[in-house]
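Architecture at a glance
Given next are the chains, with one letter for each unit.
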Amino acid sequence: MAVRLIKSIPEMQSEAESLRLAGKRIGFVPTMGYLHEGHLSLVRLARERADVVVVSIFVNPTQFGPNEDYDRYPRDLDRDLRLAEEAGADIVFNPSVEDMYPQPYHTYVLVEKLTEPLCGASRPNFFRGVTTVVTKLFHIVKPHFAVFGQKDAQQAIVIQQMVRDLNFDLDIVVAPIVREEDGLALSSRNTYLNPQERQDALVLYRALQKARQLIDGGERSSEVILREMRKIVESVPSSRIDYISIVDAETLQDLRELRGDVLIALAVWIGQTRLIDNMILRGLR
Ligand code: AMP
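Another aspect to go through is the sheet that holds strand β5 (residues 145-149). Taken in spatial order, the 6 strands make up an open sheet running β1-β4-β3-β2-β5-β6, and their pairing is parallel. Pairing within the sheet leaves two strands with one partner each, and these edge strands are β1 (4-6) and β6 (171-175). Averaged over all neighbouring strand pairs, the angle between strand axes comes to 25 degrees, with direction disregarded. Taken together, the 2 bridges between strand β2 (residues 26-31) and β5 define a ladder with parallel strand orientation. When the bridges of β5 are listed, G27 appears paired with F145. Its contacts with the sheet place helix α6 (residues 126-141) against β2, β3 (52-57), β4 (91-93), β5 and β6, and it is angled at close to 150 degrees to β2. Packed on one face of the sheet, helix α7 (residues 153-165) meets β5 and β6 and runs near 170 degrees to β6.

In terms of burial, β5 is largely enclosed, as 5 of its 5 residues are buried. Of the two faces of β5, the one holding F145, V147 and G149 and the one holding A146 and F148 are both buried throughout. Relative to β6, β5 is paired through 5 bridges, and the arrangement is parallel. Its bridge partner being in β6, F145 is matched across the sheet by D171. As for the winding sense of the linkage, the β-α-β connection from β5 through α7 to β6 is right-handed.

We now examine the packing of helix α9 (residues 202-216) against helix α10 (residues 222-234). Close contact between α9 and α10 brings their axes to 9 Å; oriented N to C, the two are set at 150 degrees. Judged by the angle between their axes, α9 and α10 are roughly antiparallel. Here α9 runs over α10; the crossing is right-handed. Taken together, the residues of α10 that come into contact with α9 (itself represented by V203, R206, A207, L208, K210, A211, L214 and I215) are I225, E228, M229, I232 and V233. Counted by class, the contact of α9 with α10 contains 10 nonpolar, no polar and 3 charged residues.

Conventions and cut-offs
Residues numbered from 1 in each chain as written. Predicted model: local features only at pLDDT ≥ 70, side-chain atom pairs only at ≥ 80, totals over all residues. Heavy atoms only, no water. Pairing = 2+ DSSP bridges. Helix = DSSP H or I, 4+ residues; strand = E, 2+ residues; numbered from the N terminus. Axes fitted to C-alpha atoms, helices over the stretch in contact; angles between N-to-C directions. Contact = heavy atoms within 4.5 Å. Buried < 20%, exposed > 50% of the residue type's maximum accessible area, 1.4 Å probe, protein only. Right-handed = clockwise from strand over helix to strand, strands pointing away. Parallel < 35°, antiparallel > 145°, perpendicular 65-115°, else oblique. Left-handed = near helix turned anticlockwise from the far one by under 90°. Nonpolar A, V, L, I, M, F, W, Y, C, P; charged D, E, K, R; others polar.

Here is the structure:
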């Protein structure tokens, strides 16, 4: 069946209401568009568990800082519609910025603590923008469950906390990271990379692999692992480390020793492009 494009917020809300009244299970995949296999894996997962799959495409201005890439973020709705349909989406919801943030706009959702480290440290308003837009989208799409990627590990953890804290009546599903064959995590921002930078961008995955290798060999000291990861990232001249961190996968607090559920996350500038990647290791002893 052809995917249906809905741009109007009231139309999406009344469609969601009708679907719920008809007993349909709504699965939701929020995205900023320029869809790639990472997004599409989320859509396919939603397809398996839902009667109706809604994909939102909205480049959310409130999660970008003043000097970030909001204006040049890649956009191609026609391509996205085709890809979303192929992956099994029923509805693509693509509201306008004016409708999502009518002026004056004064209301934000803030998750404390978990938004301070990692990406929150270098992108001060990022998570406030994410939790606000996701709240709005949940109210509009009324999903029974929503799928997020582990690619944005901190984001998934923050959203899960928000859903618990604010009693959102829905489930959060977290889907694994989809990578290129050589290991680079798929991202809409990879389109910014020139061929040399595309090569250099592999240092994120290589650093994670090195960490895994050390951990498999019994290493449990964060300091030792971080030092080896930094060495790999710094081996390419185009790189600048934003952060490389080893944290508790629940609290996001730094760990000196790797124990329990551990998130190893990094954000690295490759030229003018900021890339993130991560790995979660569970039940380390
Ligand atoms: P974005 O359009 O970048 O906001 O991403 C929308 C959703 O797709 C988020 O839940 C991301 O975590 C997820 N996502 C992005 N890239 C990947 C990937 N390589 N693998 C899995 N999920 C991803």
